[in-house]
Amino acid sequence: MTANPSTRLERGTTGRSDTARAIVAALVLSGAVLGLALLGFAFTAGILAGVGALAYIFRRRIFTVDTLLVVLLFVLLLIPLSRYSLRMSPAITPLMAMVLISTAIVTLRLLFDRSFSWRPTPLGWAVSGFIAAQFVSIVVNIRPLLEAGFVNNSIREVSYYVSFIFLLFFTVRQALRSPRTVRLVLGVLVATGGVVGALAMLERAIAINVFFRLGSFLPLRATSDEFSLILRDGATRSTGSASNPIELGVMLALILPFAFFLASESRWPRPRILRRLVWFGAAAFMLGGIFASVSRTAIVMVVILVVVSCLLRPRLIPVIGGSTAALGVALFTFAPSVFSGTLGTLLDPQALVQSQKTSPGFRGSGRLTDLPASIDRILEDPWFGTGIGSRFVSGDFQNALILDNQLLTTGEAAGLVGVAGIVLLFAVPLWRLGCFIFAGTSSPASRSLAVTLAVAFASYAFALVVLDAFAFWQAVGVFVVLLAIASWLLSEVPWQPRRSVTAGSHRASAQTVHA
């Protein structure tokens, strides 16, 4: 049987295109290697040649959307965003560069690859509504912002919301094409979180932050001061790959519940005992990193994770109770300063309230200190605030304090409309996930993922009232990635309301987290 002439023509055209691309890539790589060698960077030239050769050999595995997501997550979780920028002009953070590159690649595939079609984003309108609510405050306050010279700062903040939150959400959502990719993203999140937690524990022990040494072998330019110790109650507070200890604790607390999900639902490692050992080990390292940060906010988030998990899954109460008791004994034995200091303060309500009323009117004051003044400022412009970008908490234009409360901060800048945008951003995912868990039928693994996402979102919602949550890029980035996973779950895992399922008519889901 002879091949179809059109098939032969197509194969020939594809082969010639691959050859042409290979020749162009080889010429570009050769030119770059030769140029570096002539400039005296022989070692760098050799590394580039080796990486280029390996990239070509394994190109079918490397140049995929899955690899793009893995690299994006590594940049998000491992590079201190407040410390480094790329060695280029204009200066740009590695994460922002990676988000823009990922968005460009995904957009090009959507435009020119017929097999890469647009995926539904049921939570997209909540993200868009949140950003629109912040933008409205600028439109309403454009005249006073112009008169005060704050417009550039307003544009910068809105650009952050659009270029980071909006683009990251839609890029990750469109890149999630299968349960395999979702499991890969969750696995990378948990494994990398475990590494960060372990290194944070090491930092607390030896007072060396390895993440602040990345610039010695990566093309990064330091943009902040050298590493300095941060103390609380006589204990060193680890910073890890975050901008400060609080962000480290919040980021790890967001990732923590997915370690337990993978221990139960992951396909890797195959042996059940080894699988639980790997993912429970990652959870232990993340818990260690949380306590190494000595962040009361993160510890309360863990408590909320436990409480909400018990409410949604009562059968977990014995397991969680035993784990909590074991953790308490371990902390009392190996980290008595953390146990008696941070946990002691949390268990003493009077001391906790008193600590939040310190240094009124000063930077770094307690969370309750500036509450009356903040509410008075919000009431002056209740609906649209003073405009996003009008608050300066440091520098020559300082006119506001760090409130450690995202709702108050947004209320001052964007008014009640801006706060409504935040409520929308959290209420919609929690409501949709609640319907998925309680009012619909789906596979046990899918419901388990929905429960884990709901637990993480509930704990992060609490963080809104005790810190300026949107000022922490890494924690926000992890939250946005989880929003994209929730959007995938709600749109691509088949489910239907229980009332529409009659006896004997329920069909097994064609696609689940296990598929």
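Since this is a predicted model, take the numbers as computed values, not measurements.

## Some thoughts on a nonpolar patch on the surface
There is a patch of nonpolar side chains on the surface, built from Phe135, Val139, Val140, Trp383, Phe384 and Leu416 and spanning about 580 Å² of accessible area. If one sorts the elements of the nonpolar patch by residue count, helix α6 (residues 124–140) sits on top with three residues. Looking at the element boundaries, Val140 is found in helix α6. Since its relative accessible area comes to 44%, Val140 is described here as partly exposed.

## With respect to unusual backbone geometry
Residues other than glycine predominantly adopt negative phi, and peptide bonds predominantly adopt the trans conformation. Cis geometry marks the peptide bond from Trp268 to Pro269, where omega comes out at -10°. Here Pro269 shows up in the loop between α10 (245–265) and α11 (272–292).

## Structural notes on the packing of aromatic side chains
Tallied over the full model, the rule gives twelve aromatic pairs. With a centroid separation of 6.3 Å and an interplanar angle of 25°, the aromatic rings of Trp118 and Phe170 are classed as stacked. Of this pair, Trp118 sits in the loop between α5 (94–112) and α6 while Phe170 sits in helix α8 (residues 151–175), placing them 52 residues apart in sequence. Plain terms: the ring middles of Phe164 and Trp473 are 4.9 Å apart, the flat faces sit at 20° to each other, and that makes the pair stacked. Highlighted residues: Phe164 in helix α8 and Trp473 in helix α19 (residues 473–492), separated in sequence by 309 residues.

## Structural notes on the side chain of Ser487
As for its position among the elements, Ser487 is in helix α19. If we skip the residues at most four places from it in the chain, Ser487 touches Pro120, Thr121, Pro122, Leu123, Phe169 and Arg173.

What counts, and at which threshold
Residues numbered from 1 in each chain as written. Predicted model: local features only at pLDDT ≥ 70, side-chain atom pairs only at ≥ 80, totals over all residues. Heavy atoms only, no water. Patch = residues over 30% accessible without salt bridge, like charges linked within 9 Å, V, L, I, M, F, W, Y side chains within 5 Å. Areas by Shrake-Rupley, 256 points an atom, 1.4 Å probe, with all protein chains shown as cover. Salt bridge = Lys/Arg side-chain N within 4 Å of Asp/Glu carboxyl O. Helix = DSSP H or I, 4+ residues; strand = E, 2+ residues; numbered from the N terminus. Buried < 20%, exposed > 50% of the residue type's maximum accessible area, 1.4 Å probe, protein only. Phe/Tyr/Trp six-rings, centres within 6.5 Å; stacked < 30°, edge-to-face > 60°. Contact = heavy atoms within 4.5 Å.

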